[in-house]
Amino acid sequence: MALFKIKNEETKTVSQLKIPRHVAIIMDGNGRWAKQRFMPRVAGHKAGMKTVKKVAIAASNLGIEVLTLYAFSTENWSRPNDEVNFLMQLPIDFFNDFVPELIKNNIRVEVMGDVAGLPKGTQDAVQRAIEQTAQGTGMILNFALNYGGQTEIVAAAKLLAQQVASGDLTAEEIDANHFASALQTSPLGELATPDLMIRTSGELRLSNFLPYQSAYAELYFTDVLWPEYSGEDLIEAITSYTKRDRRFGGLNDESEK
């Protein structure tokens, strides 16, 4: 069994870790990484793309079933045009380069968010990656691209309202399951809700990322900037997750009753 050395010098085997089925990551710190090196922000995004490749393979090797990455938010359109244009080119470069390795590792690509709102070249690259990896039966690499959590919730409410108006559903029938089925994560089925939410770069907020789905996710924040994030950092987050007692509002220990 492979050993993983983590930053607090603890050594764990994979068998000692409780591997979360669904991990979501807010990939933050590309710009700060570049600024520290007196480089343009886009250099940080390019470095961050390389990190995505390393972390995706590490997550797959650990047995994580879904890895959801916050790649571009609906709020990111407010950034300078040059930066936005570069970010729209990144998926094209990423998938053109990485899809063969994804196929080799049995990883399937999924994308959530308003894909129709992306430039055509970006849309085409996304669709090709989904089609080319569709036969993968291993980890799902799920990109949140042009995604906003509040927008997703509003869209779900509208969809349910339309179903009620058309007579396909009554207001009384709407429950948590109905609502979840109207969200963009619904194709993930029982894996729709992340077990572990990681944010890099030291910021302590979710930034409109999976607000409904993360109601009971374990949160983990690290000061590591995304371009420097590694498989060892992922192991460190999972080690923290392993030590936590997930009660979902109930009690797990008889002594707590």
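Residues numbered from 1 in each chain as written. Predicted model: local features only at pLDDT ≥ 70, side-chain atom pairs only at ≥ 80, totals over all residues. Heavy atoms only, no water.

### Digging into the overall build of the protein chain
Threshold: The secondary structure listing takes helices from DSSP runs of H or I that are at least 4 residues long and strands from runs of E that are at least 2 residues long, numbered from the N terminus. Values of the radius of gyration come from C-alpha atoms, whereas the globule rule sets the reference at 2.2 Å times the count of residues to the power 0.38. To sort residues, take the accessible area from a 1.4 Å probe on protein chains only and compare it with the maximum for the residue type: under 20% means buried, over 50% means exposed, and anything in between is partly exposed. Here, residues are in contact when the closest pair of their heavy atoms is within 4.5 Å. A 1.4 Å probe and the Shrake-Rupley method give the accessible areas. Residues count as covered only by the protein chains that appear here. The sign given to each residue is positive for Lys and Arg and negative for Asp and Glu; His and the chain ends receive no count. The atoms used to mark charge sites are NZ of Lys, CZ of Arg, CG of Asp and CD of Glu.
Each helix and strand counted, the protein chain has 7 helices and 8 strands in total. Whereas a compact globule of 257 residues would reach a radius of gyration of roughly 18 Å, the protein chain reaches 19 Å, a difference of no more than 12%. On the principal axes, the C-alpha backbone points of the protein chain span a range of 55 × 55 × 35 Å. Classification of the 257 residues of the protein chain by burial places 46% in the buried group. Within the protein chain, contacts between residues at least 6 apart in sequence are counted, and of these 75% link residues at least 24 apart. As presented, the protein chain carries roughly 13,000 Å² of accessible surface, and 51% of it is formed by carbon and sulfur atoms. Considering the protein chain, the positive charge centre built from 26 side chains and the negative charge centre built from 32 side chains are found 7 Å apart.

### Structural notes on the side chain of Asn-142
Note the cut-off: N or O atoms closer than or at 3.5 Å make up a polar contact, with two conditions inside protein: a donor-capable atom paired with an acceptor-capable one, and, for residues adjacent in sequence, both atoms drawn from side chains.
Secondary-structure assignment places Asn-142 in strand E6 (residues 140–147). Polar contacts involving the side chain of Asn-142 include one to the side chain of Thr-68, which spans 3.1 Å. When sequence neighbours within four positions are dropped, the list of residues in contact with Asn-142 reads Val-66, Leu-67, Thr-68, Leu-69, Glu-110, Val-111, Met-112 and Leu-188.

### Structural notes on the UniProt feature "active site" (unreviewed entry) in the protein chain
As a reminder of what qualifies: UniProt positions are given in the numbering used here, feature names are shortened, and annotations may be inferred rather than shown by experiment. A 1.4 Å probe that fits but cannot get out identifies a cavity on a 1 Å grid over protein atoms alone, an open set with protein on both sides within 12 Å along at least five of seven lines counts as a pocket, and a residue lines either if it has an atom within 4 Å of a point.
Per the UniProt annotation, the sites labelled "active site" (unreviewed entry) are Asp-28 and Asn-76. Spanning 49 residues, the named residues form one tight spatial group whose C-alpha atoms are at most 12.3 Å apart. In this structure, the largest pocket is lined, among the annotated residues mentioned, by Asp-28 and Asn-76. Along the chain, Asp-28 turns up in the loop between strand E3 (22–26) and helix H1 (30–36). Among all residues touching Asp-28, those that are not within four sequence positions of it are Arg-199, Thr-200, Ser-201, Glu-203, Leu-225 and Trp-226.

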